[in-house]
Amino acid sequence: MSSIRVRLLVSLLVLLGLTAAAMAAITYRNVLGETEALFDYQLRQMALSLRDQGEIDSAQADTLADQQLDVVIQIWTVDGRSIYASRAHSSLPARALLGLATLVVDGRAWRTYSVATRERVIQVAQPVEIRQRLAARAAWRSVLPLLLMTPLAAFAIWWLAAKNLAPLERLAGEVRSRDASSLAPVPTDGLPDEVAPLAKALNALLDRLKSSLDTQRAFVADAAHELRSPLTALKLQLRLLRHSGDDAAHAAAVEGIGAGIDRAARLIEQLLTLARSEPGAAPLALEPVDLCELVRETLAAMHPFALDRGSELILDGDRPAMVEGDRASLSALVRNLVDNALRYSPKKTRVDVRVWEESGSAWLRVDDAGPGIPEAERARVFDRFYRRDSGREEGTGLGLAIVRTVADRHGAELTLDASPAGGLRVVVRFARRGREGASS
């Protein structure tokens, strides 16, 4: 039984039924007791009123002898001689017990009250079955309204539960009626305090999902646009290759095709790296990583590219600097920083990389001799496919976007500044944290 409405109704109706049954039983028992006490009071009052009279006149005797009256009055002299009986009866008590008593005569129980004077003994008797029948009727009449009201109360509970759960049903219907492209927030007007936080959390989720989808759409559109350029260049180079008339033109066309393929391959690699680093991607495989060793391995892998440009990679760091992170993502961060520094620096220059540990944090710093980035543009260079018109080697516009994404997922602080070498200085600070602190 997973329905809140069904569970609520069943629990309330069961509670109502148990409460009504308990109240009916208590009321029935109390009315029975009170009726028995009232009958005893009547017997006592009747006996006491006859005690105070000297004689029973004929009119009163006729009234007391009424067959419909379930009370029988007997009077004896002090020596036990019967001098009066209100009406004949086959089995009347033949003796009197002063006060209230229950007597059984010929298998029939009587409730009696007897009082004595100097001259006579007066007893008022009433059959017990008649008392019980009258008491049961009185008790039943007291319980009957409660039993009649119980179904009405059950219907009222059903109606009130349905009315109060209607906002939740409307919210469920609103969500159920939407398709995959409907990401507008659900209405929150008129929702109860218990349901409103759920609707607000759902709206926040829809907003994040909409933002994520918008980002993905923009990413796909930008990627398609960026891939169009190298593919177009490859087509042109292929056309030149087909129409080349001499060996020099043929070689130039082949070289152009190779460069275009390299550029397309690098762009695709950067796109895949960025996609793996985007929020919502697979959780990072966090482990303790020596940042200094990781940087040394990355620089060794990039050494051929630096030699090809006649540039020099300098590493300043000989002590472990431990961080909690994903080795592949951190390697992509270092590789993109160094790659950008090499590509945008003049050939035959140096790129300085320093790694150290300070105040419980691991630090990474990359300095180049390139054109640098004006302070006004430093916020924009982290946008995907943003490229400054530096007049130097063309890049993909994804390097710093990848760096920012990886840094954010590791909770690292990223800053850009001017380098003493005249170019750009990038500083990344990794706070030392446990596995639970890293972003997923």
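The structure displayed is predicted, hence computed values, not measured ones.

### Let's talk about the nonpolar core
Right, so step 1: Counting residues in each nonpolar core, the largest one holds 39 residues, and the members touching the most others are Leu291, Leu337 and Leu364.
Right, so step 2: Going through the elements one at a time, helix H6 (291-309), helix H7 (327-344), strand S9 (350-358), strand S10 (361-367), helix H8 (399-409), strand S11 (413-418) and strand S12 (424-431) are the ones with two or more residues in this core.
Right, so step 3: With residues near it in sequence (within four places) discarded, Leu337 still touches Leu364, Val366, Leu400, Val403, Val426 and Val428.
Right, so step 4: Of all hydrophobic cores here, the second largest spans twelve residues; its members include Leu43, Leu48, Tyr113 and Val115.

### Digging into the pattern of salt bridges
Right, so step 1: Here the structure, examined in full by the defined rule, presents eight salt bridges.
Right, so step 2: Of the charged contacts, one joins Asp352 and Arg350 as a salt bridge, the two residues approaching to 2.6 Å between their closest N and O atoms.
Right, so step 3: The network of salt bridges with common partners includes Arg365, Asp367 and Arg425.

### With respect to the confidence of the model for the protein chain
Right, so step 1: With 78% of its residues at a pLDDT of 70 or more, the protein chain shows a mean pLDDT of 77.
Right, so step 2: For the stretch residues 59-68, pLDDT sits under 50, and the model shows 14 contacts to residues farther than four places along the chain or on other chains.
Right, so step 3: The low-confidence segment residues 434-440, where pLDDT is below 50, has 16 contacts with residues more than four positions distant or belonging to other chains.

### Some details on the packing of H6 against H7
Right, so step 1: Running from N to C, H6 and H7 point in directions that differ by 30°, and their axes come no closer than 10 Å. When the interaxial angle is binned, H6 and H7 end up roughly parallel. When the axes of H6 and H7 are compared, the crossing they make is right-handed. On the side of H6, the interface is formed by Leu294, Val295, Glu297, Thr298, Leu299, Met302, Phe305, Ala306 and Arg309, while H7 contributes Arg327, Leu330, Ser331, Val334, Arg335, Val338, Asp339, Leu342 and Arg343.
Right, so step 2: Grouping the constituent residues of the contact of H6 with H7 by class yields ten nonpolar, two polar and six charged.

### Things to note about a nonpolar patch on the surface
Right, so step 1: On the surface, Tyr28, Trp140, Leu144, Leu147 and Leu148 cluster together into a nonpolar patch covering about 450 Å² of accessible area.
Right, so step 2: Take the nonpolar patch: its biggest share by element is four residues, from helix H3 (residues 128-176).
Right, so step 3: Tracing the sequence through the fold places Leu144 in helix H3.
Right, so step 4: On the basis of relative accessible area, Leu144 is assigned to the partly exposed category, the value being 31%.

### Quick look at the sheet that holds S12
Right, so step 1: Strand order across the open sheet formed by five strands is S7-S9-S10-S12-S11, with mixed pairing between neighbours. Edge positions in the open sheet fall to strand S7 (312-316) and S11, since each of these has one partner strand only. This sheet shows a mean twist of 15° between the axes of neighbouring strands, independent of strand direction.
Right, so step 2: Direction of pairing for S10 relative to S12: antiparallel, over a ladder of seven bridges. From the neighbouring strand, Trp363 faces S12, where its bridge partner is Arg429.

### Some points on the packing of aromatic side chains
Right, so step 1: Counting across every chain of the model gives two aromatic pairs.
Right, so step 2: Ring centres 5.7 Å apart and planes at 10° place the aromatic pair Trp356 and Trp363 in the stacked group.
Right, so step 3: Against the face of Trp356 rests Arg354, its NZ or CZ located 4.2 Å from the ring centre.

Calculation criteria
Residues numbered from 1 in each chain as written. Predicted model: local features only at pLDDT ≥ 70, side-chain atom pairs only at ≥ 80, totals over all residues. Heavy atoms only, no water. Core = buried A, V, L, I, M, F, W, Y, C linked by side-chain atoms within 4.5 Å. Buried < 20%, exposed > 50% of the residue type's maximum accessible area, 1.4 Å probe, protein only. Helix = DSSP H or I, 4+ residues; strand = E, 2+ residues; numbered from the N terminus. Contact = heavy atoms within 4.5 Å. Salt bridge = Lys/Arg side-chain N within 4 Å of Asp/Glu carboxyl O. pLDDT = per-residue confidence, 0-100. Axes fitted to C-alpha atoms, helices over the stretch in contact; angles between N-to-C directions. Parallel < 35°, antiparallel > 145°, perpendicular 65-115°, else oblique. Left-handed = near helix turned anticlockwise from the far one by under 90°. Nonpolar A, V, L, I, M, F, W, Y, C, P; charged D, E, K, R; others polar. Patch = residues over 30% accessible without salt bridge, like charges linked within 9 Å, V, L, I, M, F, W, Y side chains within 5 Å. Areas by Shrake-Rupley, 256 points an atom, 1.4 Å probe, with all protein chains shown as cover. Pairing = 2+ DSSP bridges. Phe/Tyr/Trp six-rings, centres within 6.5 Å; stacked < 30°, edge-to-face > 60°. Lys NZ or Arg CZ within 6 Å of the ring centre and 35° of its normal.

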